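Descriptive structure summary
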Amino acid sequence: GCDWQLDGMAVGSKFELGYDLPDEEVPLEQDDTLPVVRTIAAAADKRKGEDIYAIRVSSLTIVSSFFVLITGNSRPQIQAIAAAILEDVQEQHDLE
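Here's what I pulled together on the structure shown here. (Residues numbered from 1 in each chain as written. Predicted model: local features only at pLDDT ≥ 70, side-chain atom pairs only at ≥ 80, totals over all residues. Heavy atoms only, no water.)

**Let's talk about the overall build of the chain**
Selection criterion: Only DSSP runs of H or I covering at least 4 residues are called helices, and only runs of E covering at least 2 are called strands; the numbering of each starts at the N terminus. Three exposure classes are used, based on accessible area relative to the maximum for each residue type with a 1.4 Å probe and protein chains only: buried under 20%, partly exposed in between, and exposed over 50%. Two residues qualify as a contact provided that any one of their heavy atoms is within 4.5 Å of a heavy atom in the partner residue. Surface accessibility follows the Shrake-Rupley procedure with a 1.4 Å probe radius. Residue values consider only the protein chains on display as shielding.
Looking only at helices and strands, one finds two helices and four strands in the chain. N-terminal to C-terminal, the α/β element order of the chain is β-β-α-β-β-α. In the chain, buried positions account for 31% of the 96 residues. Considering only contacts within the chain whose residues lie at least 6 apart along the sequence, 55% involve residues at least 24 apart. Working note: accessible area of the chain is about 6,500 Å², and carbon and sulfur atoms make up 50% of it.

Below you can see the structure in the form of structure tokens.
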């Protein structure tokens, strides 16, 4: 399981396969990257992405705080999901 649900998106600090991650120094609700993760999930949902999971990996790597997994059913749909994510993140968070 995950720690909590966000509009159908599973958000947690543990892998779904059951590997416990070390305790995070920052509580999930206070993670500065959480608004970006919410934007990514909303953009993917807007383009009918399925099985949207955000796995918190900040205790494993300094490269990323979350790993977001999204299922698409076709190449055009996956391209539309990716484009929507880029557009929404750039627009809402001034990130490229």
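Once you've had a look at it, read on.
**Remarks on helix H1 (residues 34–46)**
Note the threshold: The span one expects for a helix is its residue count, reduced by one, times 1.5 Å.
For H1, with 13 residues, the first-to-last C-alpha span of 18 Å sits near the 18 Å given by 1.5 Å per residue. The positive-phi residue at the C-terminal boundary of H1 is lysine 48, with phi of around 65°.

**Digging into the packing of H1 against helix H2 (residues 75–93)**
For clarity, the cut-off: Geometry is summarised by axes, namely lines fitted to C-alpha atoms with helices restricted to the contacting stretch, and by angles between N-to-C directions that run from 0 to 180 degrees. Angular relationships are summarised with four words: roughly parallel below 35 degrees, roughly antiparallel beyond 145, roughly perpendicular across 65 to 115, and oblique for the angles in between. The crossing is said to be left-handed when, going from far helix to near helix, the turn is anticlockwise and less than a right angle, and right-handed when the turn is clockwise. Amino acid classes used here: Ala, Val, Leu, Ile, Met, Phe, Trp, Tyr, Cys and Pro are nonpolar; Asp, Glu, Lys and Arg are charged; the rest, including Gly, are polar.
Following both chains from N to C, one finds H1 and H2 inclined at 140°, their axes separated by 8 Å at the closest point. Of the possible angle classes, the one that applies to H1 and H2 is oblique. Where H1 crosses over H2, the handedness of that crossing is right-handed. Together, Pro35, Val36, Thr39, Ile40, Ala43, Ala44 and Lys46 of H1 and Ile81, Ala84, Ile85, Asp88, Val89, Gln92 and His93 of H2 make up the contact between the two elements. Among the residues forming the contact of H1 with H2, the class breakdown is nine nonpolar, three polar and two charged.

**Observations regarding unusual backbone geometry**
For lysine 48, which is not a glycine, the phi torsion comes out positive at approximately 65°. According to the relative accessible area criterion, lysine 48 is exposed, its value standing at 61%. With phi around 50°, aspartate 51 is a residue other than glycine that occupies positive phi space. In this structure, aspartate 51 sits in strand S3 (residues 50–56). The class of aspartate 51 is partly exposed, set by a relative accessible area of 47%.

**Remarks on the pattern of salt bridges**
Pairs can form between side chains of opposite charge whenever their charged atoms are close. For clarity, the cut-off: Any carboxyl oxygen of Asp or Glu that lies within 4 Å of a side-chain nitrogen of Lys or Arg is treated as forming a salt bridge with it.
In total, this model carries one salt bridge according to the counting rule given. Between aspartate 88 and lysine 46 there is a salt bridge, with the nearest N and O atoms lying 3.0 Å from each other. Within this pair, whereas aspartate 88 is found in helix H2, its partner lysine 46 is found in helix H1, the two being separated by 42 residues in sequence.

**What to know about a nonpolar patch on the surface**
Which entries qualify depends on this criterion: Each patch is assembled from residues with relative accessible area greater than 30% and no salt bridge, linking like charges that lie within 9 Å and nonpolar side chains (Val, Leu, Ile, Met, Phe, Trp, Tyr) that lie within 5 Å.
Together, Tyr53, Phe67 and Leu69 make up a nonpolar patch on the protein surface, roughly 270 Å² of accessible area in all. Within the secondary structure, phenylalanine 67 is located in strand S4 (residues 66–71).

**Points about the nonpolar core**
How we decide: Only buried residues count toward a nonpolar core, which is a set of Ala, Val, Leu, Ile, Met, Phe, Trp, Tyr and Cys residues joined through side-chain atoms within 4.5 Å.
If you look at the biggest cluster of nonpolar residues, it comprises ten residues: Val36, Ile40, Ala41, Ala43, Ala44, Ile52, Ile81, Ala84, Ile85 and Val89. Of all the secondary structure elements, the ones that give two or more residues to this core are H1 and H2. Here this core gets five residues from one element, more than from any other, and that element is H1. Formed by five residues, the second largest nonpolar core is a distinct cluster that contains Leu28, Leu34, Ala54 and Phe66.

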